[in-house]
Amino acid sequence: MVHFSNEEVFGWITKNQVPMLRFVKRVNETEISSLAMDVPMGKIEWQNKRLMEFVRKCISLFPPNAIERAFCKRIDFLPTAWFTRGSTPQKPNVTAVRQDAETEFSLPCGFATFMSKDPVNVYRQRIELYEFPDYLPPLVESVYLAYTFIHEFSHVIQKSSFYYKHYEENFLKDVVSNEPSHFLVIGGEKIDPRKWQEDFLERALKYPPITTYSGIYKDVDDHVRIHEYMADYMTTYIMGFAMNKDARTPENGFDDKPEMFQLIKNFIEAKAVIVAK
Ligand SMILES: [Zn+2]
């Protein structure tokens, strides 16, 4: 989930126009892969249909192994909304009425949720994206849409990495036996994704949070923190820069943490293999 007053980050995008324009050009020139075409679109309530194609291009920025591991039921394109006053990251509350918004920049942007009401695909995930209001400059809109979507899609890959495509059969079994349903193949070695995540968190805690957004989770419990930290590490790797308003230059997200670059690259590029039961 992306949740905080975005005003400062929007200003930071505008200030770093050259690398941001370079990034948007890279996305626009990306060919939509067949795996990206396979991710279903759900509700389509956006005025700007061009940006939906932009989202497909953002999926195509991920390597094929990562897209194959994502267990995404659908992406919903919902009308503009704002966080209300009193909404918190733990209890988000959104409104379609602009007058009830906390500020005009309190935009929810996107969420990734489990579709718990669907008995067949109970563990599949759904991504919700909210259309940006027309008072945002186009560059801010493109960069922030890419950031939001790549962050949410990273959540889907990451959560799928715990249980993979055998959710239905393996989810409960995994919880009870605490055995993984699949391994990630990294450097020819089969690794339990949950062990990998523990290692990731231990290392990530040695450094300041990689993005402004993940910094919100600095002092929360490990279970929540690991998801937001990982999603923004993955997003930084895919985008090629960290959305960090305190960064001197945008394109140095991993400069002070080179071990994390290799770690996250390995995770994103890993192939999943089912454990025979
Ligand atoms: Zn998140």
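The text that follows walks through the structure, step by step, so that each part is easy to find. Sequence order as written defines the numbering, with residues in each chain counted from 1. At least 70 in pLDDT is required for a residue's local features to be given in this predicted model, at least 80 for side-chain atom pairs to be given and counted, and no such filter applies to totals for whole chains, interfaces and linings, which use all residues.

Re the sheet that holds strand β8 (residues 189-191)
Right, so step 1: The 3 strands lie next to each other as β8-β7-β9, forming an open sheet whose pairing is antiparallel. Looking at which strands have only one partner, the edges of the open sheet turn out to be β8 and β9 (271-274). Averaged over all pairs of adjacent strands, the angle between strand axes in this sheet comes to 40 degrees, irrespective of strand direction.
Right, so step 2: Pairing analysis gives 3 bridges linking strand β7 (residues 182-186) to β8, with the strands arranged antiparallel. Its bridge partner being in β8, V185 is matched across the sheet by K190. Here a strand pair is declared whenever DSSP counts at least two bridges between the two strands. Helix numbering and strand numbering both begin at the N terminus, where a helix is a DSSP run of H or I of at least 4 residues and a strand a DSSP run of E of at least 2. Every angle, taken between N-to-C directions, lies between 0 and 180 degrees, and every axis is a line fitted to C-alpha atoms, over only the stretch in contact when it is a helix.

What about unusual backbone geometry?
Right, so step 1: Located in the positive-phi region is C109, a residue other than glycine, with phi close to 60 degrees.
Right, so step 2: Here C109 shows up in the loop between β4 (94-95) and β5 (110-114).

Here we look at helix α4 (residues 50-60)
Right, so step 1: Any residue surrounded by 20 or more other C-beta atoms within 10 Å of its C-beta is treated as buried, while 12 or fewer makes it exposed and the intermediate range makes it partly exposed; C-beta atoms here are placed from the backbone. For α4, the set of buried residues is V55, C58 and I59. Seen end-on, α4 carries its buried residues on one side only, within an arc spanning 100 degrees. Every exposed residue of α4 that faces more than 90 degrees away from the buried side is listed here: R50 and E53. Summarising the geometry, the arc corresponds to the directions from the helix axis toward the C-beta atoms.

Observations concerning the packing of helix α8 (residues 193-204) against helix α9 (residues 222-239)
Right, so step 1: For the pair α8 and α9, interaxial distance at closest approach is 10 Å and the crossing angle is 85 degrees. On the basis of their axis angle, the class for α8 and α9 is roughly perpendicular. Note on element contacts: α9 touches α8 through D222, I226, Y229 and M230, opposite Q197, F200, L201 and A204.
Right, so step 2: Only Asp, Glu, Lys and Arg are considered charged in this grouping, and only Ala, Val, Leu, Ile, Met, Phe, Trp, Tyr, Cys and Pro are considered nonpolar; every other residue, Gly among them, is considered polar. Tallied by class, the residues present in the contact of α8 with α9 amount to 6 nonpolar, 1 polar and 1 charged. Orientation categories follow fixed angle ranges, with anything under 35 degrees roughly parallel, anything over 145 roughly antiparallel, 65 to 115 roughly perpendicular, and all other angles oblique. Residues are defined as contacting one another if the C-beta atoms placed from their backbone atoms lie within 7 Å.

Topic: the packing of α9 against helix α10 (residues 258-269)
Right, so step 1: Two numbers describe how α9 lies on α10: the axes approach to 10 Å, and their chain directions differ by 90 degrees. Between α9 and α10, the crossing angle belongs to the class labelled roughly perpendicular. Touching Y233, M234 and Y237 of α9 are M260, I264, K265 and I268, all from α10.

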